[in-house]
Amino acid sequence: MVGLIALLACAAKVQGVVAVQGPLVELTESTGASWKLVYSPEDGELRRLEDCTLEVQGRRVGRRVTVQDWKVLASAQGSTPYVGVLVKRGDNLILQDRNSGQPVILEGDEQLLDLVGRTLLVSGYVVGPQVVHVMSVSLLD
């Protein structure tokens, strides 16, 4: 039976808005199609991305997608955010952006020092090469 399910599962890439309904996390596409997301404990931050637009890649069986990778396309406010773990290197606070794979230097919010080592969703505007002025921060861990 498991072999049959594995054969029927196919690769999927879906985009939509995240909704949390009790223990379930769903992704609703612009067409209205809804997918239940199955994810590993390492991706538990998906529950904290409610109202964000995501692109999810994984294996699809029926109306479920087992998440293998994801990125945030838009925050709940509509801007393209940066997502990753905050680290301190010298005088810089750096977020290894999950979406682009590039390090982003964050500036403009002294309270970020208290969040080093945490996974964040950051909205802001670019002020220089790989430098972002922080406007808002959400904890994802």
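Report on the accompanying structure. (Residues numbered from 1 in each chain as written. Predicted model: local features only at pLDDT ≥ 70, side-chain atom pairs only at ≥ 80, totals over all residues. Heavy atoms only, no water.)

**Observations regarding the sheet that holds strand β3 (residues 34-38)**
Inclusion rule: Pairing between strands is defined by DSSP: at least two bridges between the two strands are required. Each helix is a run of H or I in the DSSP string that is no shorter than four residues. Each strand is a run of E no shorter than two, and both are numbered from the N terminus. Here an angle of 0 to 180 degrees is reported between the N-to-C directions of two axes, which are lines fitted to C-alpha atoms, with helices fitted over the stretch in contact.
Spatially, five strands are ordered β1-β2-β3-β5-β4 in a closed barrel, and the strand pairing comes out mixed. For this sheet the average axis-to-axis angle between neighbouring strands, irrespective of direction, equals 50 degrees. Of the strand pairs in this sheet, strand β4 (residues 53-61) and strand β5 (residues 64-74) are connected by nine bridges, and their pairing is antiparallel. Note that in β5 the partner of G58 across the bridge is V67.

**Examining the pairing of β4**
By the bridge criterion, eight bridges tie strand β1 (residues 10-21) to β4 in an arrangement that is antiparallel. Residue pairing across strands places G16 opposite L54, the latter belonging to β4. Connecting the antiparallel pair β4 and β5 is a turn made up of two residues, with G62 showing a positive phi of about 60 degrees.

**As for the sheet that holds strand β6 (residues 82-89)**
One closed barrel holds the five strands; their spatial order is β6-β7-β8-β10-β9, and the pairing between them is mixed. Neighbour-to-neighbour, the strand axes of the sheet open up by a mean angle of 55 degrees, direction not taken into account. When β6 meets strand β9 (residues 119-128), the two strands line up antiparallel, connected through four bridges. Considered in β9, the bridge of V83 is made with L121.

**Let's talk about the pattern of salt bridges**
Using the following cut-off: Within this document, salt bridges are pairs made up of a side-chain nitrogen of Lys or Arg and a carboxyl oxygen of Asp or Glu, the two lying within 4 Å of each other. A simple rule labels every residue: compare its accessible area, found with a 1.4 Å probe on the protein chains alone, to the largest value its type can have, and call it buried under 20%, exposed over 50%, or partly exposed in between.
Inspection of the entire model under this criterion finds three salt bridges. Between D69 and R98 there is a salt bridge, and its shortest N-O distance comes to 3.4 Å. Remark: R98 occurs in the loop between β7 (92-96) and β8 (103-107) and D69 occurs in strand β5; sequence separation between them is 29 residues. Judged by its relative accessible area of 38%, D69 is partly exposed. Residue classification places R98 among the partly exposed positions, given a relative accessible area of 32%.

**A few points about unusual backbone geometry**
Positive phi outside glycine occurs at D51, with the angle close to 75 degrees. For D51, a relative accessible area of 48% puts it in the partly exposed group. Of note, the phi angle at Q130 is positive, near 60 degrees, even though the residue is not glycine. Relative to the assigned elements, Q130 resides in the loop between β9 and β10 (131-139). A relative accessible area of 42% means that Q130 is categorised as partly exposed.

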